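If you want the building blocks of each chain, they are given just below.
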Amino acid sequence: MATAAQVLDASERPVQVHGQIQLAVRVRRFNPEISDESWWDEWTVRCDPLERLVEVLHQIKWHHDGTLTFRRSCAHGICGSDAMLINGRNQLACKVLAQDVAPRATIEPIRGLAVLKDLVVDMDPFMDDYRSILPYLINDSGEPDKERRQSPEDRHRYDDTTKCILCAACTTSCPVFWGDGDYVGPAAIVNAHRFIFDSRDEAGRERMKILSEKTGVFRCRTTFNCTDACPRGIEVTKAIQEVKRAILFERF
Amino acid sequence: MTTTHTYDAVVVGGGGAGLRAAIELSERCRTIVISKLYPTRSHTGAAQGGVCAALGNVEEDSPEWHAFDTVKGGDYLVDQPAAQLMTEEAVEAIYQLERWGLPFNRTPDGRIDQRRFGGHTRNHGEAPVRRACYAADRTGHMILQTLYQQCVKRDVRFLNEFYCLDLIRTDDGSTAGIVAYELATGELHVIRAKAVVFATGGYGRMFRVTSNAHALTGDGPAVVWRRGIPLEDMEMFQFHPTGLARLGVLLSEAARGEGGIVLNSEGERFMERYAPTIKDLAPRDMVSRAIYQEIKEGRGGGPNGDWAYLDISHLDPEVIEEKLPDITEFARIYLKVEPTKEPVPIQPTAHYAMGGIPTDTDGRVVVGEDETVVPGLYAAGECACVSVHGANRLGTNSLLDLVVFGRRAGDDAARYVAETSLPSIERGAEAQALAQLNAILHRTTGDNAGDIRKELQDTMFELAFVVRSEESLSKMQQILGGLRERYERVAITDKGAAYNTDLMETVELGFLLDCADALVAGALIRTESRGAHYREDHPLRDDANWLKHTLAYREPDGTIRMDFKPVKMGPYTPMERKY
């Protein structure tokens, strides 16, 4: 995608270009091959107000500092690669526009997972939590010739939690997760919800047993950070509450 | 430092085709999937509208009608037996996805719901048919998630954030493994295997306006091309008519399947003139060309007069909310347009590669006119050319392609592995990849990869997009020569070992240049217009001379040699493509 963003040298005086805005991009850097400490870098960028922040980062990387490192792929909020802490909020850099954050975007890695380089964090513990809740349909009652039937109403019960793209924005915005990495975290619970409330699935009890352990849902303190952070608009806290209720009342 | 691994089979790519192949393989042999992304981030997840199969859940349908539509949609460059096979296997493939948990939208009686899609018709073109099975407008996301879930269930082994840099072949041409680069550490890995399945997706990032993810850089096609494998029908690249203006982000054809229409700047529903029977549900190549024609005649909108509009504002808001939520959000976020109230500015966007690594219907890579099988080498999904999409893929058939041929490739690779012993390889199999990386890393000054990439994307968009000609393509070929010279001198700033995305993006740019070379060579030689390939200097289809596939070979001296092979015909005789 072509982009109108231009990186300015610190010495360069900003030139007014019609319809463009100026954006200061401040990034917390970290490179274990250089230093054990993180540091801050800042660039001033001139760009279209509708430019995506991830493309602004690309302009910096491609034309100013190739060492700036971040994950990205689809650039329109579907793949979940570019979750970052942007101006204090977990967001996908491809769903934030320059005008949303101007005049300044302060960007840090998402919290609670080890930083490996710049904005890249270790996703493996997050994926391990996801795997721990048996994230696949379990039904041992024999397979029909065609499809299993499911009413639109039953399909609707877990619709919201099928949207999850495993970007980790929710889990890494959760203060309980920051304090205790053993907590399975909102994303894993969302994916458990997706199966617990699927009428075709038969392993709800098994998942609820996993989630009723001390690392599970009852660690949630209902701060709603996860719901605010979800770039897919999933009502994460509500899903967690539904799982809690299902465990307490054995109803699902 | 190079680490050597030994498996029976290695799958390169963690998208839909790769995961589907891995499910098949992992139960029967020692399998590893290498993926440059975490698999759930693959671009299969961006597919929106649906996956077609003639289930007949909401109205009468048959696989044969589906096959006909696929062949006609592909402007008769489709290998007809492959299309027949795909559309027949489609039905079971969809039921299998459902039984694996895919949350399809449902009919009132609980069956998989189906909706209309471009080019899919009842009884050979009579009227649009409801054939696309869907999960809101995130069908690809749900397929990717479901296949990944099944891999988790089967404990499939992954090496995530590993890039494939080279294919290892023995002297007799058999497959012996790959060379991979570990992003986290910068280490090279030699992965020895009896079978290699390439499933690396497309290469839309060679164009400025594209629906494709940044990761779609043609790694698989480029790697095998450099090792003597031809690329088939590379000139056949689909431009999807409804990309979000400026950005290229896809707005699903499902919008039109649900009743959306395309307008010009005068508010006219111009597809009524171009495809009187199915109008806005004409195949993508026709709608994209119609948009270009409207623009050419001065009826384009926007600041440069090169936009059309997708209008869904007349649809029931509940339908939009239930069935098209994501694309509605894209318009709101990226263009600040409210689709329930106003038309959304759109522009054709580079979307899908019909061409790629030539395979048979078992996913086996085949070389030459006589289709000699390369032992142990497989490809599936967008990087492959079976060819079921011919000159223009119908909407939803890509998701179908990857489940049907992903499975078939995995199945045949597992059979092959059981019958074959591991080829021995010589020491230093990674030498060529290592030399390439070191050349880039050690150069202290040189050309900037970002500049080369930008010029590639700008010029390909300008000269090799919806409308092409001898003149534009020759110019593009010349530009590519210059870009390659500059690429040979490219230098980067990041010299580190950990997460050196600067280095990998530069390697990917090299892959893109290869794919662009092959695309332009095919487009130049094919002096006709067929499907997505439109030559304004040869505006008609020419079956007498061009009812054949192109094969591009990279010769050892760097030049490209073009060859051809016949289209496999079947019951459908080429006729004029009217809708």
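Residues numbered from 1 in each chain as written. Chains lettered and ligands numbered in written order. Predicted model: local features only at pLDDT ≥ 70, side-chain atom pairs only at ≥ 80, totals over all residues.

## Structural notes on the overall build of chain A
Our working definition: Strands are runs of DSSP state E lasting at least 2 residues, helices are runs of H or I lasting at least 4, and numbering of each runs from the N terminus. To sort residues by exposure, count the other C-beta atoms lying within 10 Å of each residue's C-beta; 20 or more gives buried, 12 or fewer gives exposed, and values between give partly exposed, all with C-beta atoms placed from the backbone. We call two residues in contact if the C-beta atoms placed from their backbones are at most 7 Å apart.
Within chain A, the secondary structure is distributed over 9 helices and 8 strands. With respect to the principal axes defined by its C-alpha atoms, chain A has extents near 70 × 40 × 30 Å. Burial status across chain A gives 53% buried among its 252 residues. Partitioning the intrachain contacts of chain A with sequence separation of at least 6 by distance along the chain shows that 68% fall at a separation of at least 24.

## A few points about the confidence of the model for chain A
As a general rule, the predicted coordinates of low-pLDDT regions are not to be interpreted in detail. Quick note on the threshold: The predictor rates its confidence in each residue with pLDDT, a number between 0 and 100.
Model confidence for chain A is summarised by a mean pLDDT of 93, while 93% of its residues fall at 70 or above. A low-confidence stretch, residues 9-16 of chain A (pLDDT under 50), is modelled with 3 contacts involving residues beyond four sequence positions or located in other chains.

## Some thoughts on the environment of Ala195 of chain B
Residue and element names in this part refer to chain B. Within the fold, Ala195 resides in strand β11 (residues 195-198). The spacing of Ala195 and Gly49 is 146 residues in sequence and 33 Å in space, taken between C-alpha atoms. Setting aside its immediate chain neighbours within four residues, Ala195 contacts Asp8, Ala9, Thr175, Gly376, Tyr378, Ala413, Tyr416 and Val417.

## Regarding the domain arrangement of chain A
Residues and elements named next belong to chain A. Cut-off, in case you're wondering: Note that the domain bounds were set by an automatic or database domain assignment.
Domain annotation for chain A reports domain 1 (4-120) and domain 2 (123-249). Here domain 1 and domain 2 have C-alpha centroids that lie 31 Å from each other. Domain 1 puts 14 residues into the contact, and the matching count from domain 2 is 15 residues. When residues in the side of domain 1 that touches domain 2 are grouped by element, the largest group, 4 residues, is from strand β5 (residues 89-92).

## A closer look at the sheet that holds strand β12 (residues 231-232) of chain B
All names here are of chain B. Using the following cut-off: Two strands qualify as a pair provided DSSP detects at least 2 bridges between them.
Strands sit in the order β12-β21-β22 across an open sheet of 3 strands; the sheet is antiparallel. Each edge of the open sheet carries a strand with a single partner, namely β12 and β22 (560-566). As defined by bridge partners, β12 adjoins strand β21 (residues 548-554) across 2 bridges and the pair is classed as antiparallel. Bridge pairing in β21 places Leu231 opposite Ala552.

## A short note on the nonpolar core
What counts is decided by this rule: Joined through C-beta atoms within 7 Å, a set of buried Ala, Val, Leu, Ile, Met, Phe, Trp, Tyr and Cys residues constitutes a nonpolar core.
The biggest cluster of nonpolar side chains holds 274 residues, and the ones touching the most others in it are Ala9, Val10, Val196, Val197, Tyr378 and Ala380 of chain B. Here this core takes 14 residues from helix α15 (residues 501-525) of chain B, the largest share from any one element. Residue contributions to this core reach at least three from each of two domains, namely domain 1 (4-120) and domain 2 (123-249) of chain A. Residue contacts for Val197 of chain B: discarding those within four places in its chain leaves Ala9, Val11, Val12, Gly18, Ala21, Gly363, Tyr378, Ala380, Ala409, Gly410 and Ala413 of chain B.

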